[in-house]
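Structural description and commentary
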Amino acid sequence: MNRIKLILTLTLCGVGLAEAAMERPNVVIIYGDDVGFGDVGVYGSEMIPTPNIDRLAKEGLRFTDGHCSAATCTPSRFSMLTGIHGFRHGVSILPPNAPLSIPTDILTLPKLFKQAGYVTGVVGKWHLGIGQKGVATDWNGEVKPGPLEIGFDRSFLLPSTNDRVPCVYLNGHRVVNLDPDDPLYVGKSKAEVDRPGSTPYPNARFQKKAMTYYSSTHGHNHSVINGIGRIGYMAGGKSALWDDETITDEFVKQARAFITENRSKPFFLYFASQCIHVPRAPNPRFQGKTELGYRGDAMVEFDWAVGEIFQTLEQLGLAENTIIIFSSDNGPVYDDGYDDGTTVRTSTKEVDRGHDGSGIYRGGKYQIYEGGTRVPFIIRWPLTVKPGVSDAMVNQIDFIASFAALLGIELSDEDARDSWNILPALLGKEAVGHTVMIEEAHGLALRQGPWKYMEKQKYSWGGKPAAPKLFNLADDPGETTNVIARYPEKAAEMDRMLKKFRRQEGVR
Ligand code: NG6
Ligand code: CA
């Protein structure tokens, strides 16, 4: 057993200094895709059973004000892995063949763990770009730079999202099961990718009948792969195509292998499920498990995956000293471009057959309302964290500074500039996390005490810009009443603060 003792020095609120000699905990982040606050049983979902996630919550600390940094995937993931707000790097939802969005020379969460002697791995959806800027990525050769260049020792990925090409797995630098006689090309148009000798795929715009799984209502009308329209064009790589209904099984298999191989070392695993992002294709054994169609069933599948990872840790005797974090990259969305039977979006407050994926909060994915970034946020670490519920305002962007504190690593001023050390709140030792916090959608919002100030949003429902707003979340958690006219000075003060944060290189 190659276990090094770690002196954990935790400065705890009012308690002074507590010191405990303990083995470095493993860390597993289980990250959902488009899983909303209200999609988990313990957060109030009555129509989707999630016994495994509920168990994590019952044995751990459940946050009621836990956030991803943005209301869409790429900026949230970027912030969680770098401790820097996505808007500072101009990061937004990435197209299929985008280059790596994380600079290879900055501190990242996996690099931090490596400094502390951990083995680091990522399994799942990436969507942070792969390849070098200005250079066309060769999908038939070494596909890099990617996760291995920003601190992960091992990676097994779905490179972009499941609604974007290429629909193949990437193991380290290589596409899995690629036949060299059917080279893989990814590009912006069918003409760009189609070449003699590589399998062509139907164009969803002109070959609608090719969409046999279900059709796409908008947007996802480029390549049809496995009967599903996708964003972006690809040709070739037929033998390497993933099977949509077994993606979760594959990711669970890979995660179990990573945990098992590294059982005797401290490890950090970032498990990024594609559930419950569109196109939802739950395995047949989960279909019909809810009355909510594929969206609800995909959530049941995700809960199963959580259970599998949990059980693997238990079977190996690692569950006590593993920090399991469960959260999501943005709030819920129902119909997001596919005719999968989910409710079509009609307003900012959506309910799908009686189920509200954002719980009592307003809005969801893409939106600056609380439903956009307030997500399930659970931390289980039996050795240190007492089970309970915390109302502390916490954010995934703070993982770097908080884990640095836990591991006794000093950050330089240049590192993770927007990441706060809120370790005491994350471990349930303090009731307050962030005192001011930025939320990001098509513009920014600032949270401070009961107040939430939204600056002007570039787009809102219907594509129109939205004027600044002020809400008092203590009185009005559902953001129903804009009180900016009543408290113009508070709004002006928060606007100044937000502008200052934006101008600064970081908010730490
Ligand atoms: C949108 C896609 C949506 C989803 C989203 C990214 C269309 C019409 N919609 O542009 O389906 O892919 O991008 O989702 O193309 S995220 O969770 O990765 O941010
Ligand atoms: Ca997402």
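Residues numbered from 1 in each chain as written. Chains lettered and ligands numbered in written order. Predicted model: local features only at pLDDT ≥ 70, side-chain atom pairs only at ≥ 80, totals over all residues. Heavy atoms only, no water.

1. Observations regarding the coordination of the calcium ion (ligand 2)
Note the cut-off: Only N, O and S atoms count as donors, using a 2.8 Å limit from the metal and a wider 3.2 Å limit for Na, K and Ca, and since water is excluded some coordination spheres may look unfilled. When four donors show all angles between 85 and 135 degrees the site is tetrahedral, when four or six donors have opposite pairs over 155 degrees and all other angles between 65 and 115 it is square planar or octahedral respectively, and in every other case it is irregular. A run of DSSP states H or I qualifies as a helix once it reaches four residues; a run of E qualifies as a strand once it reaches two. Both are numbered from the N-terminal end. Accessible area is worked out with a 1.4 Å probe on protein chains only. A residue is then buried under 20% of its type maximum, exposed over 50%, and partly exposed in between.
Around the calcium ion (ligand 2), the protein contributes the donor atoms Asp33 (OD), Asp34 (OD), Asp329 (OD), Asp329 (OD) and Asn330 (OD1), at 2.2 to 2.7 Å from the metal centre. The site at the calcium ion (ligand 2) holds six donor atoms, and with the angles between them running 51 to 171 degrees, its shape is irregular. Look at where the donors of the calcium ion (ligand 2) fall in the sequence and you get D-D-x294-D-N. Placement of the pair is Asp33 in the loop between β3 (26-32) and α1 (51-58) and Asn330 in the loop between β14 (322-328) and α7 (370-373), with a sequence separation of 297 residues. Of the residues examined, Asn330 reaches a relative accessible area of 0% and is grouped as buried.

2. Quick notes on empty space enclosed by the protein
Put simply, the rule reads: Detection works on a 1 Å grid of protein atoms alone, calling trapped sets that fit a 1.4 Å probe cavities and calling open sets with protein on both sides within 12 Å along at least five of seven lines pockets, with lining residues defined by an atom within 4 Å of a point. Grid points are joined across faces, edges and corners, and a volume is the space filled by probe spheres set on the points. Polar here means any residue other than Ala, Val, Leu, Ile, Met, Phe, Trp, Tyr, Cys and Pro, which are nonpolar, and Asp, Glu, Lys and Arg, which are charged; Gly is therefore polar.
By the definition in use, this model includes seven cavities of 30 Å³ or more. In this model, the largest cavity occupies a volume close to 90 Å³. Surrounding the largest cavity, Asn162, Asp244, Ile247, Gln274, Cys275, His277, Pro279, Arg280, Ala281, Pro282, Ala298 and Glu301 form its lining. Partitioned by chemical class, the residues of the lining of the largest cavity number six nonpolar, three polar and three charged.

3. Examining the packing of helix α5 (residues 247-261) against helix α6 (residues 293-315)
We apply this condition: Here, axes are lines fitted to C-alpha atoms. For helices the fit covers the stretch in contact, and angles between N-to-C directions go from 0 to 180 degrees. Working definition: roughly parallel below 35 degrees, roughly antiparallel above 145 degrees, roughly perpendicular at 65 to 115 degrees, and oblique for all remaining angles. A crossing counts as left-handed when the near helix is turned anticlockwise from the far one by less than a right angle, and as right-handed when that turn is clockwise. Here a residue-residue contact requires only that any non-hydrogen atoms of the pair lie within 4.5 Å.
Between α5 and α6, the least distance of the axes is 10 Å, while the angle of their chain directions is 15 degrees. The angle between the axes of α5 and α6 places the two elements in the roughly parallel class. Considering only the axes of α5 and α6, their crossing is right-handed. Across from Thr248, Asp249, Val252, Ala255, Arg256, Ile259 and Thr260 in α5, the residues of α6 making contact are Glu301, Trp304, Ala305, Glu308, Ile309, Thr312, Leu313 and Gln315.

4. Examining the environment of Asp65
Condition: A 3.5 Å cut-off defines polar contacts: any pair of N or O atoms within that distance qualifies, except that in protein one atom must be a possible hydrogen donor and the other a possible acceptor, and neighbouring residues in sequence count only when both atoms are side-chain atoms.
Assignment of secondary structure puts Asp65 in strand β4 (residues 61-67). Residue Asp65 is classed as buried on the basis of its relative accessible area of 7%. Separated by 28 residues in the primary sequence, Asp65 and Phe37 have C-alpha atoms spaced 9.7 Å apart. Setting aside anything within four residues of it in sequence, one finds Asp65 in contact with Glu370, Arg374, Ser390, Asp391, Ala392, Met393, Val394 and Arg447. Engagement of the side chain of Asp65 in a polar contact is seen with the side chain of His67, the distance being 2.8 Å. Within the structure, the side chain of Asp65 is placed 3.4 Å from the side chain of Arg374, a separation counted as a polar contact.

5. Thoughts on the confidence of the model for the protein
To keep it simple, the criterion reads: A residue's pLDDT is simply how confident the predictor is in it, with values from 0 to 100.
When pLDDT is averaged across the protein, the result is 93; 95% of the residues are at 70 or more. Note on residues 1-20: pLDDT under 50 across the span, and 44 contacts to partners over four residues away in sequence or across chains.

6. Notes on the packing of α1 against α6
Where α1 contacts α6, the two axes come as close as 7 Å, and the packing angle between them is 55 degrees. Taken together, the axis directions place α1 and α6 in an arrangement best described as oblique. Here α1 contributes Pro51, Asn52, Ile53, Arg55 and Leu56 to the contact with α6, which in turn contributes Met299, Asp303, Trp304, Val306, Gly307, Phe310 and Glu314. For the contact of α1 with α6, the class distribution of residues is seven nonpolar, two polar and three charged.

7. Quick word on the site of ligand 1
Just so we agree on the cut-off: The cutoff for a nearby residue is simple: one of its non-hydrogen atoms must lie within 4 Å of the molecule or strand. The protein chains shown are the only cover counted for residues, whose accessible areas, like all others here, come from Shrake-Rupley with a 1.4 Å probe.
As a matter of local geometry, ligand 1 sits amid 21 residues, with Cys73, Asp163, Arg164, His220 and Lys365 nearest to it. Within the side chain of Asp34, an N or O atom sits 3.1 Å from an oxygen atom of ligand 1. At 3.1 Å from an oxygen atom of ligand 1 is found a side-chain nitrogen or oxygen belonging to Lys125. Calculation on ligand 1 without its partners gives an accessible area of 450 Å², and the protein chains cover 86% of this total. The residue makeup of the shell around ligand 1, split by class, is five nonpolar, eight polar and eight charged.

8. Examining the environment of Glu261
Turning to its location among the elements, Glu261 is positioned in helix α5. Judged by its relative accessible area of 49%, Glu261 falls in the partly exposed class. As for Glu261 and Glu489, which are separated by 228 residues in sequence, their C-alpha atoms are 57 Å apart. Side-chain polar atoms of Glu261 contact the side chain of Arg154, separated by 2.7 Å.

9. Notes on the sheet that holds strand β20 (residues 469-472)
Under the convention used in this document: Only strands joined by at least two bridges in the DSSP assignment are considered to pair.
Ordered in space as β17-β18-β19-β20, the four strands form an open sheet in which the pairing is antiparallel. Looking at which strands have only one partner, the edges of the open sheet turn out to be β17 (436-440) and β20. Averaged over all adjacent pairs, the angle separating strand axes in this sheet is 20 degrees, with direction ignored. Sitting on the sheet, helix α10 (residues 488-503) touches β17, β18 (444-448), β19 (451-454) and β20, and the angle it makes with β18 is about 115 degrees.

10. Comments concerning the packing of aromatic side chains
Which entries qualify depends on this criterion: Ring pairs shown here join Phe, Tyr and Trp side chains whose ring centres sit within 6.5 Å, with only the six-membered ring taken for Trp; geometry is labelled stacked below 30 degrees between planes, edge-to-face above 60, and tilted in between. The rule for a charge over a ring is simple: NZ of Lys or CZ of Arg within 6 Å of the ring centre, and within 35 degrees of the ring normal.
Applying the stated rule across the entire model yields 25 aromatic pairs. The interplanar angle of 55 degrees and the centroid separation of 5.9 Å between the aromatic rings of Phe377 and Phe399 together place this pair among those described as tilted. Here Phe377 is found in the loop between α7 and β15 (378-380), whereas its partner Phe399 is found in helix α8 (residues 399-407), with 22 residues between them in sequence. Judged by relative accessible area, which is 0%, Phe377 ranks as buried. Taken together, the aromatic side chains of Tyr31, Phe63, Phe113, Tyr118, Trp126, Phe152, Phe268, Tyr270, Phe377, Phe399 and Phe403 make up a single cluster linked through ring pairs. For Arg285, the ring lying beneath its charged end belongs to Trp304, and the centroid distance is 4.7 Å.

11. A short note on the domain arrangement of the protein
Here is the rule we go by: Domain limits in this description derive from either an automatic procedure or a database domain assignment. Defined here as a combined quantity, buried area equals the accessible surface (1.4 Å probe) lost by two parts on assembly, summed across both. For this document, the term salt bridge refers to a Lys or Arg side-chain nitrogen within 4 Å of an Asp or Glu carboxyl oxygen.
What the domain assignment reports for the protein is domain 1 (24-175 + 266-430) and domain 2 (442-502). Placing the centre of domain 1 and that of domain 2 at their C-alpha centroids yields a distance of 26 Å. Interface area for domain 1 against domain 2, summed over the two sides, is near 1,400 Å², with a carbon-plus-sulfur share of 57%. Taken as a group, Phe87, Ile368 and Glu370 account for 37% of the area that domain 1 buries against domain 2, more than any other trio of residues on that side. At the junction of domain 1 and domain 2, the tally comes to three salt bridges. Arg447 is the salt-bridge partner of Asp65, the closest N and O atoms lying 2.6 Å from each other. A breakdown of the residues in the side of domain 1 that touches domain 2 according to their chemical character gives seven nonpolar, four polar and six charged.

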